[in-house]
Amino acid sequence: MSRGHQRFTLLILAVAAVVGVVILALTREPLPVTKRMEGATHLNLLLDGPFGARFAGEMTAHKREYFPPNVTVRADPNDPDFVAAVARQHAVGVTSGHKFLLAAWRGVPVTAFAASFLDTSMAIFTLESSGLRRPADLVGKRVGYRRASEGEVIFDAMMAQLGLPRSQIAKVVDRDTFDALRAHEVEAIIAPIDDQPSPSLTGGDVRLNVIKPQDYGIHVPGLVYFVSNDLIHDQPSLIKDVLQSLIRGWHFVYTDYARSVPVLVGFDPERLNPDRVRFELQQQRDLILPTGGRIADYDQSRWRTLRDILIFAKLGEEVVPLAQLVNYQLLQDVYRRSLAKSGGVRGEN
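Residues numbered from 1 in each chain as written. Predicted model: local features only at pLDDT ≥ 70, side-chain atom pairs only at ≥ 80, totals over all residues. Heavy atoms only, no water.

**Student:** Looking at this structure, I do not really get the sheet that holds strand S6 (residues 142-145). What am I missing?
**Tutor:** Paired through backbone hydrogen bonds, the strands of a sheet run either parallel or antiparallel to each other. Spatially, the five strands line up as an open sheet ordered S7-S6-S8-S5-S9, and their pairing is mixed. Looking at strand neighbours, the two that pair on one side only are strand S7 (170-173) and strand S9 (208-211), the edges of this open sheet. Each adjacent strand pair in this sheet contributes to an overall mean axis angle of 30°, direction not counted. Across the face of the sheet, helix H5 (residues 150-161) comes into contact with strand S5 (122-127), S6, S7 and strand S8 (188-192) while running at roughly 80° to S5. (Pairing = 2+ DSSP bridges. Helix = DSSP H or I, 4+ residues; strand = E, 2+ residues; numbered from the N terminus. Axes fitted to C-alpha atoms, helices over the stretch in contact; angles between N-to-C directions. Contact = heavy atoms within 4.5 Å.)

So, in structure tokens, the structure goes:
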């Protein structure tokens, strides 16, 4: 074979090799790309429930434009896997500490960074005429509850801590409504403190006794704010801005009902009644603005108590330590920044 023909043959093979590489590159599956949050242009704040008084701080921060312009608020009340949905969307969520911790133990990659309700909103209600005013009075009685709910877990923990025989209490599933209580289907119900009927809407004909777990040493986080691990890692400044806005929103809510209630009712005028909204705000006030406490604050002891209660109830196992699930630094940074910048967190009236 001549030298010229060899060179021509080698050229043909080289070209074929290059074409083959190009074709292979075009037909191969693309490599997975790790999604990062840097430069995010939009952020959702998702509420685990309908618009109403328990999300007044979030709603007010939105209406008063305290949030950064790329943040929107959405109610998402019927998602059975709410915590995982927030993580998937790289959003900010607010749900019960109970639901958050169980989801995190199941492997959902999330971090809590502040509280909305500093303590549980669950309470035990009885009719005033029944004379049932203390946990011990419930022994031998029927108690309406919702299975595996925050309320059931808190109730069982309170009775156990007080050394009361839970086996002598008849728990009636799905009879946790005030209608069931009024109809004497049960002698007590476990329900959120802000669910109780307001006198202005019932004519004052329903008089209730309220047994609060906090009065018997049970303190756990109520509603908590959380985000995906990616988001808190990549956008800590954005989360601080959102938190600062939330604190300002709650501050405005409780500064003047005459101004804040119309803002809240404006979200859904056909469903939200001004008197009812004001009543619910009053019922939950101590959970948000405790004496000597700070808005959005929480402490390690409440989280440890919740962890122990969930393990005691056999609802989950601590596969991830609390130190990896709960962030305290962002809240401290926001309050530290508020001291350095006058009016930064306190909010405007």
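**Student:** Would you take a moment to explain the packing of helix H4 (residues 97-105) against helix H12 (residues 300-312) for this structure?
**Tutor:** Two packed helices can be described by the angle between their axes and the distance between those axes. Packing of H4 against H12 brings their axes to within 11 Å, and their N-to-C directions diverge by 70°. Taken as axis vectors, H4 and H12 run roughly perpendicular relative to one another. Two packed elements cross with a definite hand, and for H4 against H12 that hand is right-handed. From H4, Gly97, His98, Phe100, Leu101, Leu102 and Trp105 reach across to H12, where they touch Trp303, Leu306, Arg307, Leu310 and Ile311. Along the lines of polarity and charge, the residues of the contact of H4 with H12 split into eight nonpolar, two polar and one charged. (Parallel < 35°, antiparallel > 145°, perpendicular 65-115°, else oblique. Left-handed = near helix turned anticlockwise from the far one by under 90°. Nonpolar A, V, L, I, M, F, W, Y, C, P; charged D, E, K, R; others polar.)

**Student:** What exactly am I supposed to notice about the environment of Val86 here?
**Tutor:** Here Val86 is to be found in helix H3 (residues 82-89). For Val86, a relative accessible area of 0% corresponds to the buried category. A sequence separation of 141 residues divides Val86 from Val227, and the C-alpha atoms of the two residues are 7.0 Å apart. Filtering out sequence-adjacent residues up to four positions away, Val86 remains in contact with Leu46, Ala91, Val92, Gly93 and Phe226. (Buried < 20%, exposed > 50% of the residue type's maximum accessible area, 1.4 Å probe, protein only.)

**Student:** Mind showing me how you'd approach unusual backbone geometry here?
**Tutor:** Trans is the prevailing form of peptide bonds, just as negative phi is the prevailing case for residues other than glycine. Even without glycine at this site, His90 takes up a positive phi of about 50°. Tracing the chain through its elements places His90 in the loop between H3 and strand S3 (92-96). Backbone geometry at Asp174 places phi at a positive 60°, although glycine is not the residue there.

**Student:** Looking at this structure, how should I read the pattern of salt bridges?
**Tutor:** Any two side chains of opposite charge can pair if their charged atoms end up close together. Within this structure, the stated rule accounts for 22 salt bridges. For the salt bridge of Arg166 with Asp156, the shortest nitrogen-to-oxygen distance reads 4.0 Å. Here Arg166, found in the loop between H5 and S7, pairs with Asp156, found in helix H5; they are 10 residues apart in sequence, far enough to count as distant. By relative accessible area, Arg166 is classed as partly exposed at 36%. Residue classification places Asp156 among the buried residues on the basis of a relative accessible area of 14%. A salt bridge links Arg307 to Glu318; the shortest N-O distance between them is 3.8 Å. Separated by 11 residues along the polypeptide, Arg307 in helix H12 and Glu318 in the loop between H12 and helix H13 (329-340) bring together distant segments of the chain. The partly exposed category is assigned to Glu318, whose relative accessible area is 33%. Through salt bridges that share partners, Glu152, Asp156, Arg166 and Lys171 make up one connected network. (Salt bridge = Lys/Arg side-chain N within 4 Å of Asp/Glu carboxyl O.)

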